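Working through the structure, step by step
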Amino acid sequence: MSCTAEYLMRTALHGAMVLSMVGALSACGGGGDGGNSNPLGNPASVSNPVITGGQKLSFVYFQKCINPILLAQLPALQGGGFTNSCASAGCHDTVTGAGGALRVVPGAQAVDLTDPANTPAVIRNSDMYKNYYSAQGAVVVGSSTQSRLLSKPMLLVQHGGGQIFASLSDAHAARIAYWINHPMPMGQDEFSAAASTMFTPQDPQTGACNPP
């Protein structure tokens, strides 16, 4: 048998085997859409699950539990050798800070959330809300490990201020992670009453910040 004839015979045999396999796969549940599916029986189109997003982090938790961390005098464990606050001049101060996108107004006054006059529109014009907005901008909601607000002071990525938190066992780091991982329910804004569960007892005014 010549080389050409042998090649043609092998090609024909291979083709018959492929058709046989396709037929077997189709018999296992493929087909069923009038012959429009592909040979392996997959749907004609594949849609990825809809990724939900747009959830907000709690403002009341930020004001009571996170903003104080940004103002606290904390030592740099590595790469810094000094004690300072995130809101200090030259770091993340909103006027003179050189620390990237995070900007903090050091003198931001707490907003009385029990005062009916402090509507969402009023709160959103406050310095405290500026701090909240900037901090949330350094966050991937629901993923503390991907959030610069936590990954930078833990020195998981480069941080000019050095390492501030050694691990999530640090109380400050734990609270930041908790805030990031507990967004408000879908469709509710940053002032949602659902944030009451983030305090013990469940009252933002009298409760302690979770985790303790």
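Before reading on, note that the structure itself is shown above.
**A word on the packing of helix H2 (residues 59-71) against helix H4 (residues 127-136)**
- For the pair H2 and H4, the least separation of the axes is 10 Å and the interaxial angle reads 90°. Here H2 lies roughly perpendicular to H4, going by the angle between them. Contacts between H2 and H4 pair Phe59, Phe62, Gln63 and Asn67 from the former with Met128, Tyr129, Asn131, Tyr132 and Ala135 from the latter.
- Taken together, the residues of the contact of H2 with H4 break down into six nonpolar, three polar and no charged.

**Let's talk about the state of the cysteines**
- This structure, assessed with the given rule, holds one disulfide.
- Cysteine 65 shares a disulfide with cysteine 209; S-S distance 2.0 Å. Across the S-S bond linking cysteine 65 and cysteine 209, the dihedral sits near -90°, which makes this disulfide left-handed. Of this pair, cysteine 65 sits in helix H2 while cysteine 209 sits in strand S4 (residues 208-209), and the two are 144 residues apart along the sequence.

**Some words on H2**
- With 13 residues, H2 should cover 18 Å at 1.5 Å per step; its first-to-last C-alpha distance of 17 Å lies within 8% of that length.
- Among the 13 residues that make up H2, 10 are buried, leaving the element largely enclosed by the rest of the structure.
- Among all positions of H2, only Phe59, Val60, Tyr61, Phe62, Gln63, Cys65, Ile66, Asn67, Ile69 and Leu70 are buried.
- Contacts from the buried residues of H2 go to strand S1 (74-75), helix H3 (120-123), H4, helix H6 (171-181), strand S3 (199-200) and S4.

**Things to note about the packing of H2 against H6**
- Two elements in contact, H2 and H6, have axes whose closest approach is 10 Å; the angle formed by their N-to-C orientations is 140°. The hand of the H2/H6 crossing is left-handed. Along the contact surface, H2 presents Tyr61, Phe62, Cys65, Ile66 and Ile69, while H6 presents His172, Arg175, Ile176, Tyr178 and Trp179.
- Of the residues contributing to the contact of H2 with H6, the split by class is eight nonpolar, one polar and one charged.

Cut-offs used in this document
- Residues numbered from 1 in each chain as written.
- Predicted model: local features only at pLDDT ≥ 70, side-chain atom pairs only at ≥ 80, totals over all residues.
- Heavy atoms only, no water.
- Axes fitted to C-alpha atoms, helices over the stretch in contact; angles between N-to-C directions.
- Helix = DSSP H or I, 4+ residues; strand = E, 2+ residues; numbered from the N terminus.
- Parallel < 35°, antiparallel > 145°, perpendicular 65-115°, else oblique.
- Contact = heavy atoms within 4.5 Å.
- Nonpolar A, V, L, I, M, F, W, Y, C, P; charged D, E, K, R; others polar.
- Disulfide = S-S within 2.5 Å.
- Expected span 1.5 Å × (residues − 1).
- Buried < 20%, exposed > 50% of the residue type's maximum accessible area, 1.4 Å probe, protein only.
- Left-handed = near helix turned anticlockwise from the far one by under 90°.

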